[in-house]
Amino acid sequence: MPQSKLHPRTALIVLTALNLLNYADRNVLYAVQPLVQDEFHLNKTQIGYLTSAFLGFYMIAAPFVGPLADRYSRKLIIVAGAIFWSGLTLLTAVTHTYGELLVRHTLVGVGEATFVTIAPTFVADLFSENVRGRILGVFYLAIPVGSAAGYLVGGYLAPIYGWRFPFYIAAAPGFVLALAVLFLKEPERGQFDSVQETPERGTVFGLARNPAFLTATLGMAFMTYSLGGIQVWMPQFLFSERHYTLEKANLMFGIIIVVDGILASLAGGWLGDYLLRRTKSSYYLISAISMALGIPFMIVALFTSGRLMVPAIGVAAFFLLLNTSPLNAAVINSVGAHVRATAIAVNIFIIHILGDVPSPTMMGWVADHRSLQAAFILPVIAMAISSAILFAGMKYAPAVRVNPSDEPKAENDWVDV
């Protein structure tokens, strides 16, 4: 099917909007955590377990969804998943016990796993390899913008209308966007791929022998550990340790995430594509450097309470988010198109079982036994490990086509007919 008939611009916009909602839905809970904790009389370990359970089911569902997406219509699976998670988000309005909230939140993870596993492969098949960093930079804008939207909606509405009300606002758009996905045309798998499919790149069992995939995935896992713990506990840290109001803590952290996330996602994708013309390992290099540069700023953010604290949080978050687009591009380019959804499912399983499934609960445990400030040492250590793995993975990066003459013209990339 000619690219001009694939509606790439429309598809990218719709899928990015749905991805934004995906992250907004899960982050609303982080914004209202202190209110949930007070109503249900919970400790910090129990609050952290809500996120760990959500991500655990999310992680377990992904390996079942990936193989289905490599065989059947990706579009229909995305639609079904979006309706499922939006319906469960809406049911929070009738949640009145910790157990009910736990079940609802874990099932939302099952629905969201369908989208996160499949949508990147859909987007990747619309554009050539040498522009995927930039395209994924747009798609993954949804992480900071959606996360910030969750913090802002929850932080603003919950003190006025109660912590349940923001979930109405988060759930409604999901049904509309699910219907919009039905009108998208599905691209041919791997139509712009240039790297030959070897047993390591083109088979499920080959993933275990694919060092490009493994190093990108493990580097992402420790990045996810750090990011997951920070997202869950930073508003609480500002509220309880630095004595901000809940509304101000969520507003400030939300603004940092959305501004940094937009700039970092676009800059990381652009830098990765630009340097790809000079080194095949550009995606790994950008990610490794950004993780390393974020460490000293994170330390300043955690152990100072004066004027340096907020700027340090902002700079640390920028470097942490800068690797989002390059790392996802590295994972996508490390495998062949016909196992890509399965590979992303495996990637999701690994990054969550090692990353943000244990980190909120582990940080909550440290906070209960020491302090929340001490708990933030764990994400700092994870950033260092991630950087080391990605530096080691540079030599395994695949050599994709980077000839400028092979790059799709702008008008073909963005034509709707």
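Right above here is the structure, for reference.
Residues numbered from 1 in each chain as written. Predicted model: local features only at pLDDT ≥ 70, side-chain atom pairs only at ≥ 80, totals over all residues. Heavy atoms only, no water.

Let's talk about the environment of L285
Convention followed: Helix numbering and strand numbering both begin at the N terminus, where a helix is a DSSP run of H or I of at least 4 residues and a strand a DSSP run of E of at least 2. Exposure is judged per residue with a 1.4 Å probe applied to protein chains only, and the accessible area is read against the type maximum: over 50% gives exposed, under 20% gives buried, and values in between give partly exposed. The contact rule is simple, with two residues in contact once any of their heavy atoms fall within 4.5 Å.
Here L285 is to be found in helix α12 (residues 282-303). L285 sits in the partly exposed class, given a relative accessible area of 21%. The spatial distance from the C-alpha of L285 to the C-alpha of G272 is 8.4 Å, given a sequence separation of 13 residues. Among all residues touching L285, those that are not within four sequence positions of it are F391 and M394.

Observations concerning the nonpolar core
Selection rule: Take the buried Ala, Val, Leu, Ile, Met, Phe, Trp, Tyr and Cys residues and link them wherever side-chain atoms come within 4.5 Å; each set so joined is a nonpolar core.
Core analysis: the biggest nonpolar cluster contains 125 residues, and L15, V36, F115, L238 and F376 have the highest contact counts within it. With 13 residues, the top contributor of residues to this core is helix α10 (residues 211-240). Look past the residues within four positions of F376 in its chain and what remains in contact with it is I230, W233, M234, F237, L302 and M363.

Observations concerning empty space enclosed by the protein
Where empty space is left can be seen by rolling a probe of water-molecule size over the atoms. Spelled out, the test is: Any residue with an atom within 4 Å of a point lines the site, the site being either a cavity, points on a 1 Å grid over the protein atoms alone where a 1.4 Å probe fits but cannot get out, or a pocket, an open set with protein on both sides within 12 Å along at least 5 of 7 lines. Grid points are joined across faces, edges and corners, and a volume is the space filled by probe spheres set on the points. Under the grouping applied here, Gly and all other residues not named as nonpolar or charged are polar, the nonpolar ones being Ala, Val, Leu, Ile, Met, Phe, Trp, Tyr, Cys and Pro and the charged ones Asp, Glu, Lys and Arg.
Inspection of the entire model under this criterion finds four cavities of 30 Å³ or more. Put simply, the largest cavity is a space of about 420 Å³. Taken together, 29 residues make up the lining of the largest cavity; nearest its centre are Y23, I143, T224, I351 and H352. Within the residue set of the lining of the largest cavity, elements represented by two or more residues are α1 (8-31), α3 (44-69), α5 (98-124), α10, α14 (324-333) and α15 (340-356). A per-class count over the lining of the largest cavity returns 19 nonpolar, eight polar and two charged. Taken together, L227, I230, M234, F253, I257, M298, I313, A316, A317, L320 and L321 form the lining of the second largest cavity. At the level of secondary structure, the elements contributing two or more residues to the lining of the second largest cavity comprise α10, α11 (246-276) and α13 (309-322). Broken down by element, the lining of the second largest cavity gets its largest block of residues, five residues, from α13. Classifying every residue of the lining of the second largest cavity gives eleven nonpolar, no polar and no charged.

Some details on the pattern of salt bridges
Put simply, the rule is: The salt bridge definition used is simple: a Lys or Arg side-chain nitrogen within 4 Å of an Asp or Glu carboxyl oxygen.
The final tally for this structure, using the stated rule, is six salt bridges. For R26, the salt bridge is made with E112, and the minimal N-O distance between the two is 3.0 Å. Separated by 86 residues along the polypeptide, R26 in helix α1 and E112 in helix α5 bring together distant segments of the chain. One exposure class covers both R26 and E112, and it is buried. Of the charged contacts in the structure, one is a salt bridge between D125 and R74, with a shortest N-O distance of 3.0 Å. Remark: R74 occurs in helix α4 (residues 74-90) and D125 occurs in the loop between α5 and α6 (132-139); sequence separation between them is 51 residues. R74 sits in the buried class, given a relative accessible area of 1%.

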